[in-house]
Amino acid sequence: MLVDGHGMTLYVFDGNGMPDAKSGEGDCERNFPPALAAPGDKPSGVLTLMPVPNGGSQWAFQGKRLYRGLMDKKPGDRSGDGLNEVWHSVRVR
């Protein structure tokens, strides 16, 4: 499972276009915030960086932007996995 630096599950959006209110259960930006890179972060292995409108970068895996799931409360939670059939946790093989 792909996780962030705190052990929290990372998700990809497999829907058409960008995440929206319907796919993200209301306030999509709040429920699935982008996994933003810190200034100075560099791509590593299977992880790349994609630009965001504010001039920063968002982590990506195999060309798909990564998101955090606000509904997850502790490391290992995967509450957003399969949500609306468009949100999926990332399994690395």
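See the structure printed just above.
Residues numbered from 1 in each chain as written. Predicted model: local features only at pLDDT ≥ 70, side-chain atom pairs only at ≥ 80, totals over all residues. Heavy atoms only, no water.

Details of the overall build of the protein
Where we set the bar: Runs of E in the DSSP output that reach at least two residues are strands. Runs of H or I that reach at least four are helices, and both are numbered from the N terminus. As a reference, a globule follows 2.2 Å times the number of residues to the power 0.38, and the radius of gyration itself is taken over C-alpha atoms. Residues are treated as being in contact if the distance between any of their heavy atoms lies within 4.5 Å. Using a 1.4 Å probe, the Shrake-Rupley method yields the accessible areas, and only the shown protein chains count as cover for residues.
The helix and strand inventory of the protein stands at one helix and five strands. Listing the helices and strands of the protein from first to last along the sequence gives β-α-β-β-β-β. Computed over the C-alpha atoms, the radius of gyration of the protein is 12 Å, within 12% of the 12 Å expected from 2.2 N^0.38 for a compact globule of 93 residues. Principal-axis analysis of the C-alpha atoms gives the protein an extent of 35 × 30 × 20 Å. Considering only residue pairs separated by 6 or more positions, the protein has 58% of its internal contacts joining residues 24 or more positions apart. As displayed, the protein offers around 5800 Å² of accessible surface, 54% of which is attributable to carbon and sulfur atoms.

Description of the environment of Ala 38
Topologically, Ala 38 is positioned in the loop between helix H1 (28–31) and strand S2 (47–51). For Ala 38 and Gly 56, which are 18 residues apart along the polypeptide, the C-alpha to C-alpha distance reads 8.2 Å.

Some points on the packing of aromatic side chains
In plain terms, the rule: Centre distance within 6.5 Å is the pairing criterion for rings of Phe, Tyr and Trp, where only the six-membered ring of Trp is used; planes under 30 degrees apart are then read as stacked, over 60 as edge-to-face, and the remainder as tilted. Between buried and exposed lies partly exposed: a residue is buried under 20% and exposed over 50% of the maximum accessible area for its type, with that area taken using a 1.4 Å probe on protein chains only.
Scanning all chains against the criterion turns up four aromatic pairs. Ring centres of Tyr 11 and Phe 32 lie 5.7 Å apart, and the angle between their planes is 85°; on these two criteria the pair is classed as edge-to-face. Placement of the pair is Tyr 11 in strand S1 (residues 10–13) and Phe 32 in the loop between H1 and S2, with a sequence separation of 21 residues. Taken together, a centroid distance of 3.8 Å and an interplanar angle of 5° make the contact between Phe 32 and Trp 87 stacked. You can see Phe 32 sitting in the loop between H1 and S2 and its partner Trp 87 sitting in strand S5 (residues 87–89), a full 55 residues away along the chain. Summarising the burial analysis for this pair, Phe 32 and Trp 87 share the class buried. Connected via pairs of aromatic rings, a cluster forms that spans Tyr 11, Phe 13, Phe 32, Tyr 67 and Trp 87.

Here we look at the sheet that holds strand S4 (residues 64–68)
Rules: In this scheme, strands are said to pair when DSSP sees at least two bridges between them. Between N-to-C directions, angles span 0 to 180 degrees; the directions come from axes that are lines fitted to C-alpha atoms, helices contributing only their stretch in contact.
One open sheet accounts for five strands, arranged S2-S3-S4-S1-S5; its pairing is antiparallel. On the outer flanks of this sheet lie S2 and S5, each paired with one strand and no other. Taking the axes of each pair of neighbouring strands and ignoring which way they run, one obtains an average angle of 50° across the sheet. Across three bridges, the pairing between S1 and S5 is antiparallel. The residue bridging Tyr 11 from the neighbouring strand is Ser 89, located in S5.

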